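Breakdown of the fold
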Amino acid sequence: MSIRNQNIIPHLWYDKEANEAATFYTTIFPDSRITNRTVLKETPSGDADLISFELWGHQFMAISAGPYFTFNPSVSFMVNFDPSREKDASEKLDDVWNQLSEAGTVLMPLDKYPFSEKYGWIQDKYGLSWQLILSDPEGEERPTIVPSLMFVGERCGKAEEAIHFYLSLFKNSRQGQIARYPRGMEPDKEGTIMFADFMLENNWFAAMDSAQDHPFNFNEAVSFMVNCDTQEEIDYYWDKLSAVPESEQCGWLKDKYGISWQIVPTEMDEMMREGTPERIERVNQATLKMKKLDVVELQRAYK
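This text gives an overview of the structure that appears in the document. For clarity, every value in this text was computed on a predicted model and none was experimentally measured.

Here's the deal with the sheet that holds strand β12 (residues 203-209)
The strands making up a sheet associate through hydrogen bonds between their backbones, and the pairing can be parallel or antiparallel. Strand order in the open sheet formed by eight strands is β6-β7-β8-β5-β9-β12-β11-β10, and the pairing between neighbours is mixed. If you trace the sheet from one side to the other, it starts and ends with β6 (105-113) and β10 (174-180), each paired once. Each neighbouring strand pair of the sheet contributes to a mean axis angle of 20°, computed without reference to strand direction. Each of β9 (145-151), β10, β11 (193-200) and β12 touches helix α3 (residues 159-169); the most contacted strand, β11, lies at about 5° to it.

Shown next, in the form of structure tokens:
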């Protein structure tokens, strides 16, 4: 997938380690680099590092903004090692697994499973979760990295409804694979989603239900930034997605499933990359006063 049409960018919230974590990830994955570093001055969390980076051709963003949110496995990143694309896919998988294991926690051991010759789920030393899988080259090709949403607790059983909701909202969207739990997989209920994937704005996502007793749920540690070209687009996504008024802040919102989104003007990225420290500061201060972002006001602050 080319970087250019990635309109939805995963955003990772760290206490203080955004710089260190982004550097760590870019050394582990192929075709990866840091693309921008900015310091946002005088945010509610003090000075915050904002890092843009690419992992295996996919854009990410990370911020160091205080100990408010903690990663958990409700959002993980599935990494597809496809033998039809990658020479030594299996060895590469082992190598990435070993590096992520350093001070990490294994959630599902690296092993052979009914759905893959080689698969494992690991939480790295920063708490972020990764699912590494040796993909089946016979299926339709998938991107190397796919954000994966796990619906647990009172939201378990809602994965399919959520997928249809997102497909109805975003353009260039379609359903991919869908596999349901069979009978006899208690506590998981027959017919709920064991694994599904779907495409929004040409970005692939995966989703699953899990009725296991998980002590976590979706939070703001991982959010998804939706780049919008116009104020109309910002208004559209804001109105359709926002379901928790008290979570609306600085372009952030929470949807009815508890997933956090940031609805941002595409040009904001340019402002942060090209702007002088003074301009960045003015845009940042303007943003802090807003709930839904106002493109004209941000342009005014920038100029």
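Examining empty space enclosed by the protein
Scanning all chains against the criterion turns up three cavities of 30 Å³ or more. Each pocket or cavity is described by its volume, and for the largest cavity that value is around 130 Å³. Around the largest cavity, the lining comprises 15 residues; the ones closest to its centre are Q6, H58, I145, P147 and N203. Contributions of two or more residues to the lining of the largest cavity are made by β1 (8-14), β4 (58-64), β9 and β12. Class assignment of the residues belonging to the lining of the largest cavity gives a composition of 11 nonpolar, four polar and no charged.

A look at the pairing of strand β3 (residues 46-55)
In the case of a regular strand, side chains alternate between the two sheet surfaces. Counted residue by residue, β3 has seven buried out of 10 residues, so it is predominantly covered. The pairing of strand β2 (residues 33-43) with β3 spans eight bridges and is classified as antiparallel. Residue pairing for β3: N36 is matched across the bridge by S52. Where β2 folds back onto β3 in an antiparallel hairpin, the turn is made up of two residues. Here β3 folds back onto β4 in antiparallel fashion, the turn holding two residues, of which W56 has a positive phi close to 50°.

Points about the nonpolar core
Ranked by size, the top nonpolar core spans 65 residues in total, and within it Y25, W130, Y166 and W261 carry the most contacts. Looking at which element gives the most residues to this core, the answer is α3, with seven residues. In contact with Y25, not counting residues within four places along its chain, are Y14, F53, L55, L100, D124, Y126, L128 and W130.

Remarks on unusual backbone geometry
Apart from glycine, the bulk of residues carry a negative phi angle, and the bulk of peptide bonds sit in the trans form. A cis geometry characterises the amide bond from E186 onward to P187, with omega recorded as 5°. Mapped onto the fold, P187 is located in the loop between β10 and β11. At A103, a position not held by glycine, the phi torsion is positive, near 60°. In this structure, A103 sits in the loop between α2 (89-101) and β6.

Looking at the pairing of strand β7 (residues 116-123)
Within β7, seven of the eight residues are buried, which leaves the element mostly enclosed by the surrounding structure. Of the strand pairs in this sheet, β6 and β7 are connected by five bridges, and their pairing is antiparallel. In the strand pairing of β7, D111 is matched with Y119. Turn length for the β6-β7 hairpin, with the two strands adjacent in sequence and antiparallel, is two residues. Adjacent in sequence and paired antiparallel, β7 and strand β8 (residues 129-134) are bridged by five residues, among which G127 carries a positive phi angle near 95°.

What about the sheet that holds β4?
The strand order across the open sheet formed by seven strands is β2-β3-β4-β1-β13-β15-β14, and the pairing between neighbours is mixed. Every interior strand has two partners, whereas the edge strands, β2 and β14 (252-254), have only one. Neighbouring strand axes in the sheet, compared pairwise and without regard to direction, differ in orientation by 25° on average. Sheet topology places β1 next to strand β13 (residues 222-228); five bridges connect them, and they run antiparallel. Looking across to β13, one finds that I9 is bridged to M225. Along the sheet face, helix α4 (residues 231-241) touches β13, β14 and β15 (260-265) and points at about 165° away from the line of β15.

What about helix α1 (residues 18-28)?
Those residues of α1 that fall on the buried side of the exposure criterion are A18, A21, A22, F24, Y25, T26 and I28. Buried positions along α1 lie against β1, β2, β3, β4, α2 and β8.

Focus: the environment of V96
Along the chain, V96 turns up in helix α2. On a C-alpha basis, the gap between V96 and N217 in space is 26 Å, while along the polypeptide they are 121 residues apart.

Description of the side chain of S210
For S210, the location among the structural elements is in the loop between β12 and β13. Leave out the neighbours within four places in its chain, and S210 touches M150, F151, V152, G153, C156, Y181 and D188.

Details of the pattern of salt bridges
A full pass over the atoms with the stated rule returns 20 salt bridges. Its salt-bridge partner being K92, residue E86 comes within 2.9 Å of it at the nearest N-O pair. E86 sits in the buried class, given a relative accessible area of 16%. K92 gets classed as partly exposed once you look at its relative accessible area, which sits at 32%. D269 serves as the salt-bridge partner of R273, at 2.9 Å between the closest nitrogen and oxygen. Taken together, the positions of R273 and D269, both in helix α5 (residues 267-274) and four residues apart, correspond to about one turn of that helix. Residue classification places R273 among the partly exposed positions, given a relative accessible area of 31%. The partly exposed category is assigned to D269, whose relative accessible area is 28%. One network of salt bridges, in which partners are shared, links E140, R142, R174 and D197.

Conventions used here
- Residues numbered from 1 in each chain as written.
- Predicted model: local features only at pLDDT ≥ 70, side-chain atom pairs only at ≥ 80, totals over all residues.
- Heavy atoms only, no water.
- Pairing = 2+ DSSP bridges.
- Helix = DSSP H or I, 4+ residues; strand = E, 2+ residues; numbered from the N terminus.
- Axes fitted to C-alpha atoms, helices over the stretch in contact; angles between N-to-C directions.
- Contact = heavy atoms within 4.5 Å.
- 1 Å grid on protein atoms, 1.4 Å probe; cavity = no way out; pocket = protein on both sides within 12 Å on 5 of 7 lines; lining within 4 Å.
- Points joined across faces, edges and corners; volume = space filled by probe spheres on them.
- Nonpolar A, V, L, I, M, F, W, Y, C, P; charged D, E, K, R; others polar.
- Buried < 20%, exposed > 50% of the residue type's maximum accessible area, 1.4 Å probe, protein only.
- Core = buried A, V, L, I, M, F, W, Y, C linked by side-chain atoms within 4.5 Å.
- Salt bridge = Lys/Arg side-chain N within 4 Å of Asp/Glu carboxyl O.

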